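# Structural description and commentary
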Amino acid sequence: MLRILYGVSGEGSGHSSRAMEVVRHLQDCGHVVKVVSYDRGFRNLQASFDCVAIEGLHIVSSNNKVQVFKTIWHNLRRLPIAVRRLGALRELLATFRPDVVITDFEPTCAWWARLHRVPLISLDNQHRMRYMKYDSPANLRGSRWLTELVIRLMVPKPDYALATTYFFGETKNDFTFLFPPILRREVLQCQPGAGNHFLVYVTSEFEGLLALLRRFPQYQFLVYGSSQTGKTGNLEFRPFSSEGFLQDLSSCRAVIATAGFTLISEALYLGKPYLAMPLSGQFEQQLNAICLEELGCGMNASRMSVRVLSEFMSNLAVYAEASQQYALDNRLSDIAQANSGILGKLDELLSGLQPVSPARRALAATE
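Residues numbered from 1 in each chain as written. Predicted model: local features only at pLDDT ≥ 70, side-chain atom pairs only at ≥ 80, totals over all residues. Heavy atoms only, no water.

### Brief notes about the sheet that holds strand E11 (residues 220-224)
- Spatially, E12-E13-E11-E10-E14-E15-E16 is the arrangement adopted by the 7 strands of the open sheet, whose pairing is mixed. Every other strand in the sheet has two partners, leaving strand E12 (230-232) and strand E16 (298-300) as the edge strands with one partner each. Taking the axes of each pair of neighbouring strands and ignoring which way they run, one obtains an average angle of 20° across the sheet.
- Relative to strand E10 (residues 197-201), helix H10 (residues 242-251) is tilted by about 130°, and along the sheet it contacts E10, E11, strand E13 (235-238) and strand E14 (254-258). (Pairing = 2+ DSSP bridges. Helix = DSSP H or I, 4+ residues; strand = E, 2+ residues; numbered from the N terminus. Axes fitted to C-alpha atoms, helices over the stretch in contact; angles between N-to-C directions. Contact = heavy atoms within 4.5 Å.)

### Describing helix H12 (residues 283-295)
- Taking 1.5 Å as the rise per residue, H12 with 13 residues should run 18 Å; its terminal C-alpha atoms sit 18 Å apart, in good agreement.
- In terms of residue burial, H12 counts as a mostly covered element, since 10 of its 13 residues are buried.
- Within H12, burial applies to Phe283, Glu284, Gln285, Gln286, Leu287, Asn288, Ala289, Ile290, Cys291 and Leu292.
- Of the surrounding elements, those touching the buried residues of H12 are helix H6 (127-131), helix H7 (141-154), E14, helix H11 (261-269), strand E15 (274-277) and E16.
- Glycine 296 sits one or two positions beyond H12 and adopts a positive phi of about 80°. (Expected span 1.5 Å × (residues − 1). Buried < 20%, exposed > 50% of the residue type's maximum accessible area, 1.4 Å probe, protein only.)

### Notes on the nonpolar core
- Within the largest apolar cluster, 57 residues are counted, with the highest numbers of intra-cluster contacts made by Val101, Leu249, Val255, Leu263 and Tyr274.
- Judged by nonpolar contacts, the second largest core, of 27 residues, contains Phe42, Phe49, Cys51 and Ile342. (Core = buried A, V, L, I, M, F, W, Y, C linked by side-chain atoms within 4.5 Å.)

### Overview of the packing of H11 against H12
- The geometry of H11 relative to H12 is characterised by a closest axis approach of 10 Å and an angle of 20° between their N-to-C directions. Taken as axis vectors, H11 and H12 run roughly parallel relative to one another. When you trace H11 past H12, the crossing you get is right-handed. Within the contact between the two elements, H11 uses Phe261, Ile264 and Leu268 and H12 uses Glu284, Asn288, Leu292 and Leu295.
- In terms of residue class, the contact of H11 with H12 is made up of 5 nonpolar, 1 polar and 1 charged. (Parallel < 35°, antiparallel > 145°, perpendicular 65-115°, else oblique. Left-handed = near helix turned anticlockwise from the far one by under 90°. Nonpolar A, V, L, I, M, F, W, Y, C, P; charged D, E, K, R; others polar.)

### Overview of H11
- Of all 9 residues in H11, 9 are buried, a share of seventy percent or more.
- Of the positions making up H11, those classed as buried are Phe261, Thr262, Leu263, Ile264, Ser265, Glu266, Ala267, Leu268 and Tyr269.
- Two residues or fewer after H11 comes glycine 271, characterised by a positive phi angle close to 75°.

### Quick look at the side chain of threonine 165
- Relative to the helices and strands, threonine 165 resides in the loop between strand E8 (160-164) and strand E9 (176-179).
- For threonine 165, a relative accessible area of 1% translates into the label buried.
- A distance of 2.7 Å separates a polar atom in the side chain of threonine 165 from the backbone oxygen of phenylalanine 167.
- Here threonine 165 is in contact with Arg128, Met132, Leu178, Phe179, Pro180, Pro181 and Phe261, once residues within four sequence places are set aside. (Polar contact = N/O pair within 3.5 Å; in protein donor to acceptor, adjacent residues only side chain to side chain.)

### Considerations on the confidence of the model for the protein chain
- When pLDDT is averaged along the protein chain, the result is 86; 86% of the residues meet or exceed 70.
- Low pLDDT, under 50, characterises residues 361-367; the predicted model gives this stretch 12 contacts beyond four residues in sequence or across chains. (pLDDT = per-residue confidence, 0-100.)

### Comments concerning unusual backbone geometry
- Of note, the phi angle at arginine 97 is positive, near 45°, even though the residue is not glycine.
- Looking at the element boundaries, arginine 97 is found in the loop between helix H4 (79-96) and strand E6 (100-104).
- Take arginine 97: its relative accessible area is 13%, and that puts it in the buried class.
- Even without being glycine, phenylalanine 105 reaches a positive phi, approximately 60°.
- Along the chain, phenylalanine 105 falls in the loop between E6 and helix H5 (107-115).
- Taking the relative accessible area as the measure of exposure, phenylalanine 105 reaches 12% and is therefore buried.

Below, the structure is given as structure tokens:
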């Protein structure tokens, strides 16, 4: 039995939904896990696990574009809160004294592990961009380099990197292992349907997209992520609900959304075509959309327009066929085996670690 510190990025819901499955598995194996997260990650995990709130990086966006100066100002304003929470975390770690740190792109725990020479395992989808070989357009070369630099600054070199991906390439080293995306058990239990609606998901106000969708009155759009409510014309605005969202996802004709890794992974597993709108200024989303298009399961819409949406609708049958074939190839006959590859590798790595002795733990508490 090991004492595990699990740091989870709180930006979006993808990190916490992945951590939910991994932490459940670790606890079932008898390990003691303390989760550290912030924002949406903390809110999603605190009811189920021993979870501690810290402060983390928040990205501010508008109309599907990262607002650099607003992002900087927002995070600077929260600096006093970050300092207080960091102090509380240091006191906690002095007594908890983890045997290993797992990070899902959360830097505080990762750097603590390096400074205290504690084994570090990264488990996320970001490290495929750092340790997997892949092609990207020449016009994104600068953005790619900057993204890889940010990943290195956020997470120091781990002892092992377990990276999830739906588009596989060769790894650059022998300590990185690639696996299919970790899927929530709720997604694995879904039976895809064939409704008439399109699921629309935005992570911030995106008035340009809504105006565009209104120009296609022959289609019904269920919109999540907007502050608007009710129904206007062919747009129905829905408050976020995990169960309701998943129900609408599993029964939709297609997804129109930002290019987040988790939602694309879930849509692919359910056989849903995807019109991906990568967040401008975020290379990872741009890469997600490129890989989706390479699979033939959707379209990369770096700039939305009437022409782009018309093209997607015209080719919907082709995308649907490719998406359903992908789902068929990856569908599990026994969902108990879901995520078994990455969880089995994690178990293997953890089995080679030794717990900190009670005497050393007591000594650390007085240091």
